[in-house]
Amino acid sequence: MASPLYENIEALSREKGIDPQIVVSAVEDAIAVATRKHYKIQENMRAELNKETGAIQAYSYKTVVESPEQVEDPYLQITVDDARKVDPNVEIGGEIRTYKSTDGVLGRISAQLAKQVIFQKVREAERDTIYNEYIGRVGEILNATVKRIEGPEVIFDIGKAEARMGRKEQSRLESFAIGERVRVVLVRVEKASKGPQVVVSRAAPELVQNLFQTEVPEIYDGTVVIRAIAREAGERTKIAVMSRDKDVDSVGACVGMKGMRVQSIIRELRGEKIDIIEYHEDAVTFAEKALQPAKVSRVTVVDPVDKHLEVIVDDTQLSLAIGKKGQNVRLAAKLLGWKIDIKSEEEKRQEVEQQMQALTGAPTTPLEKVPELGEVVIEKLVGAGITTVEALADMTPEQLEELPGIGPKTVEKISIAVNNYFSALDAGEAQAAGEFAENVAIDAAPTEIPGETVDVPGAHAERSEYEEAAETGQALEAAEIAGVENAPPADVSEVHVHGEEPAPEPEEVVAPEESQPEEASKSEHSE
């Protein structure tokens, strides 16, 4: 029959969930420490508990060595000759025990010391038990009860231990009340000075996977398999499923009739959006499905080794494909495990044009040729990968504002500087064209050769009769001609041509004066 002391030890072990032998060892160590302190000795001490009687025996022990030269510490070692005086049957390497009485050992101070030793041993054993209990259950779903809330952290009771859920492990849509029961994912178990820290989460993708396994029987029995999950807690989750049975629709099985199955999961996640996508082995086809609801024009594998895809969408679908703050493409990239670059049709066209210009050797102008930009702006543009004026001119104001350090005022300054540069360039080209045409006209004019006369048609068309008469030596005729040419213009009335009658001068017509009314009446009376 066990002693009352051992029965108490067993009860404590059941309460703490530890092995009774651990508590027994703690009690024996406590008695050994108290005995050494009571006798004020430096020898090694041990204690043994008798489970039947409850008696505890304490003793010191020394290790047996062969010769005195091997004795390094007389409190811990003894020669074989001295040891055989106590026990003739002892051998080298054995122990010599010297029992000490434990009566009156446990005074007030010694008892307090023994108590501290027992509590420390039990606490260490309890920590090891909790750590070993949960370290092998990482990734499991646990039913937890909200115990208390400490600032941003929520403390859960998970049975044998407490679990913590930090702010990063929570969904922004969720709030908890004390006593509420929730399902959490065991993320990790950490060893700390205060004991093992069990960390749980409601933001892990494993929670969504477990909820689908609970709600969808086809996933539970393995007919439908979850191939990948990408989640941003509180925002959206993308889940890729595949059916092993051709007669079972994987997406339809997860959605359920009238969406009942997926709506149950959404309620558990406090309204988080869920996209269910059919898995495909082909990365191109899988990418098109993963980027839904956006419509993809085409997908190109840039590098199959580094898993790099280029996705082209219509200009109207670009914002939908990228999603709010890049969420849609980010989740799609996590779901595929590929790097995805999304471009619109216009961006792809500009990229192809730039590549063609590079292949044809199109001229490029460095930014330093536009001094109006300023050194600071040029450094920012070069840092963003824009090194030529042509590349800068092809960018839209929205694209410029996305560059680091470029604001609306800087965009306006860049626009003015680039426009002035191209205006000056066009004006210089027009001036050069005008100078070229003038030089061509000068080169085409006839040159005069000494001793020869070049007859240009129409060159003498404007020569007068006087000049012709003077050159031919007809001086008198030239003088008459000169007199006629230099005469003042004659009045029309002075010109009289022989054989013609002068035109009669027109008579001046005088309008009759109006007679007074009295004179008119007199004339009528005389008649």
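Since this is a predicted model, take the numbers as computed values, not measurements.

**Q** So what exactly am I meant to see when it comes to the sheet that holds strand β9 (residues 197–201) here?
**A** One key point about sheets: their strands pair by backbone hydrogen bonds, in either a parallel or an antiparallel sense. Strand order around the closed barrel formed by five strands is β5-β6-β7-β9-β8, with mixed pairing between neighbours. Here the strands of the sheet are splayed against their neighbours by 55° on average, with no regard to which way each runs. Note: strand β5 (residues 141–150) against strand β6 (residues 153–157), five bridges, orientation antiparallel. In the strand pairing of β6, Val-146 is matched with Phe-156. Across the face of the sheet, helix α5 (residues 205–215) comes into contact with β5 and β8 (181–190) while running at roughly 135° to β8.

**Q** What is the right way to look at the nonpolar core in this model?
**A** Within soluble globular proteins, side chains that are nonpolar generally end up buried alongside one another. Counting residues in hydrophobic clusters, the biggest one holds 27 residues, and the most contacted among them are Val-311, Leu-335, Leu-336 and Ile-342. Once residues within four sequence positions are removed from consideration, Leu-335 is found in contact with Ala-228, Ile-229, Ala-230, Lys-238, Ile-239, Ala-240, Ile-277, Phe-286 and Ala-290. Listed in part, the 21 residues of the second largest apolar core include Ala-204, Leu-211, Ile-239 and Val-241.

**Q** Where do I start with the packing of aromatic side chains in this structure?
**A** How two aromatic rings sit relative to each other is given by the distance of their centres and the angle of their planes. Across all of its chains, the model carries three aromatic pairs by this definition. Here the aromatic rings of Phe-156 and Phe-176 are separated by 6.0 Å at their centres, their planes lie at 85°, and the arrangement is edge-to-face. Taken together, the residues Phe-156 in strand β6 and Phe-176 in the loop between β7 (162–165) and β8 connect sequence positions 20 residues apart. Each member of the pair, Phe-156 together with Phe-176, is buried. Over the face of the ring belonging to Tyr-61 we find Arg-46, whose NZ or CZ atom lies 3.8 Å from the ring centre. Sitting over the face of the ring of Tyr-131, Lys-191 holds its NZ or CZ atom 4.6 Å from the ring centroid.

**Q** How should I be thinking about the sheet that holds strand β11 (residues 236–243) in this particular structure?
**A** Taken together, the three strands give an open sheet; going across it, the order is β10-β11-β12, and neighbouring strands pair in mixed fashion. Lying at the two open borders of the sheet, with one neighbouring strand each, are β10 (224–232) and β12 (273–278). For this sheet the average axis-to-axis angle between neighbouring strands, irrespective of direction, equals 20°. Pairing between β10 and β11: eight bridges, direction antiparallel. Within the sheet, the bridge partner assigned to Glu-232 lies in β11 and is Arg-236. Its contacts with the sheet place α5 against β10, β11 and β12, and it is angled at close to 145° to β10.

**Q** Please explain the pairing of β5 as it appears in this structure.
**A** Along a regular strand, successive side chains alternate from one face of the sheet to the other. Summarising the sheet, β5 and β8 pair through five bridges and their orientation is antiparallel. In the strand pairing of β8, Ala-144 is matched with Val-182. Counted between consecutive antiparallel strands, the loop separating β5 from β6 contains two residues, among which Gly-151 sits at a positive phi close to 65°.

**Q** Sorry if this is basic, but what is going on with a nonpolar patch on the surface here?
**A** Together, Val-352, Met-356 and Leu-359 make up a nonpolar patch on the protein surface, roughly 310 Å² of accessible area in all. Tracing the backbone through its elements, the reader meets Leu-359 in helix α12 (residues 345–359). Classification of Leu-359 as exposed rests on a relative accessible area of 71%.

**Q** Explain the pattern of salt bridges here, please?
**A** Pairs can form between side chains of opposite charge whenever their charged atoms are close. A full pass over the atoms with the stated rule returns 30 salt bridges. A salt bridge links Arg-137 to Glu-140, with the nearest nitrogen and oxygen atoms 3.1 Å apart. By relative accessible area, which is 35% here, Glu-140 ends up partly exposed. Across the pair Arg-164 and Glu-153 runs a salt bridge whose closest N-O atoms are separated by 2.7 Å. Of this pair, Arg-164 sits in strand β7 while Glu-153 sits in strand β6, placing them 11 residues apart in sequence. Taken together, the shared-partner salt bridges connect Lys-147, Arg-148, Glu-150, Glu-153, Glu-162 and Arg-164 into one network.

**Q** Got a minute to help me understand the pairing of β8 in this structure?
**A** Both β8 and β9 contribute to a ladder of five bridges, which runs antiparallel. Within the sheet, the bridge partner assigned to Glu-190 lies in β9 and is Gln-197. The antiparallel hairpin formed by β8 and β9 contains six residues in its connecting segment, where Gly-195 sits at a positive phi of about 120°.

**Q** Before we go on, may I ask you to explain the environment of Gly-383 in this structure?
**A** With respect to the element layout, Gly-383 can be found in helix α13 (residues 375–383). It is 9.5 Å that separates the C-alpha atoms of Gly-383 and Leu-403, two residues lying 20 residues apart in sequence.

**Q** Is there a simple way to think about α5 in this case?
**A** Given 3.6 residues per helical turn, the α-helix brings residues three or four places apart onto the same face. Those residues of α5 that fall on the buried side of the exposure criterion are Leu-207, Val-208, Leu-211 and Phe-212. Along the long axis of α5, the arc covered by the buried residues comes to 135°, so they all point the same way.

**Q** Would you mind going over the confidence of the model for the chain with me for this structure?
**A** For residues with low pLDDT, the predicted coordinates do not support detailed interpretation. Predicted confidence across the chain gives a mean pLDDT of 78, with 79% of residues reaching 70 or more. Long-range and interchain partners of residues 490–501, a stretch whose pLDDT sits below 50, account for two contacts in this model, where long-range means more than four residues apart. Taken together, the stretch residues 504–527 has pLDDT below 50 and engages in one contact with residues farther than four places along the chain or on a different chain.

**Q** Please clarify how the side chain of Ser-60 should be interpreted in this entry.
**A** Mapped onto the secondary structure, Ser-60 falls in strand β2 (residues 56–65). Not counting chain neighbours up to four residues away, the residues in contact with Ser-60 comprise Glu-43, Asn-44, Met-45, Ile-96, Arg-97, Thr-98 and Lys-100.

**Q** Mind showing me how you'd approach the environment of Val-199 here?
**A** The residue Val-199 is located in strand β9 in this model. The buried category is assigned to Val-199, whose relative accessible area is 10%. It is 6.3 Å that separates the C-alpha atoms of Val-199 and Leu-186, two residues lying 13 residues apart in sequence. Not counting the four nearest positions on each side in its chain, Val-199 is found in contact with Arg-164, Val-185, Leu-186, Val-187, Arg-188 and Glu-190.

**Q** Sorry if this is basic, but what is going on with the packing of α5 against helix α8 (residues 260–268) here?
**A** A pair of packed helices is characterised by two quantities: the angle between their axes and the separation of those axes. Two numbers describe how α5 lies on α8: the axes approach to 10 Å, and their chain directions differ by 140°. The angle between α5 and α8 places the two elements in the oblique class. Two packed elements cross with a definite hand, and for α5 against α8 that hand is right-handed. Contacts between α5 and α8 pair Leu-211, Phe-212 and Glu-215 from the former with Arg-261, Ser-264, Ile-265 and Glu-268 from the latter. Class assignment of the residues belonging to the contact of α5 with α8 gives a composition of three nonpolar, one polar and three charged.

The rules behind the values
- Throughout this document, residue positions are counted from 1 along each chain, in the order its sequence is written.
- The model is predicted, so local features are restricted to residues of pLDDT at least 70 and side-chain atom pairs to those at 80 or more, both for listing and for counting; the totals for chains, interfaces and linings are taken over all residues.
- Heavy atoms throughout the structure, all of them, feed into the side-chain values; hydrogens and water do not.
- The criterion for strand pairing is that DSSP finds at least two bridges linking the strands in question.
- A run of H or I in DSSP counts as a helix once it spans at least four residues, and a run of E counts as a strand once it spans at least two, with each numbered from the N terminus.
- Whenever a helix is involved, its axis is fitted only over the stretch in contact; in every case the axis is a line through C-alpha atoms, and angles between N-to-C directions fall within 0 to 180 degrees.
- Contacts are assigned to residue pairs with any non-hydrogen atoms lying within 4.5 Å of each other.
- In these notes, a set of buried Ala, Val, Leu, Ile, Met, Phe, Trp, Tyr and Cys residues joined through side-chain atoms within 4.5 Å is what counts as a nonpolar core.
- Buried means the residue's accessible area, taken with a 1.4 Å probe over protein chains only, is under 20% of the maximum for its type, while exposed means over 50%, and partly exposed covers the values in between.
- Working definition: a ring pair exists when centres of Phe, Tyr or Trp rings (six-membered ring for Trp) sit within 6.5 Å. Plane angles under 30 degrees give stacked, over 60 give edge-to-face, the rest tilted.
- For a Lys NZ or an Arg CZ to count as sitting over a ring, it must be within 6 Å of the ring centre and within 35 degrees of the ring normal.
- Each patch is assembled from residues with relative accessible area greater than 30% and no salt bridge, linking like charges that lie within 9 Å and nonpolar side chains (Val, Leu, Ile, Met, Phe, Trp, Tyr) that lie within 5 Å.
- Surface accessibility follows the Shrake-Rupley procedure with a 1.4 Å probe radius. Residue values consider only the protein chains on display as shielding.
- By salt bridge we mean one thing: a side-chain nitrogen of Lys or Arg within 4 Å of a carboxyl oxygen of Asp or Glu.
- An arc is given here, and it is the one of the directions from the helix axis to the C-beta atoms.
- Per residue, pLDDT measures the predictor's confidence, with a range of 0 to 100.
- Angles are sorted into four bins: roughly parallel if under 35 degrees, roughly antiparallel if over 145, roughly perpendicular if 65 to 115, and oblique for all others.
- Left-handed describes a crossing whose near helix is turned anticlockwise from the far helix through less than a right angle; right-handed describes the clockwise counterpart.
- Residues are grouped as follows: Ala, Val, Leu, Ile, Met, Phe, Trp, Tyr, Cys and Pro are nonpolar; Asp, Glu, Lys and Arg are charged; every other residue, Gly included, is polar.

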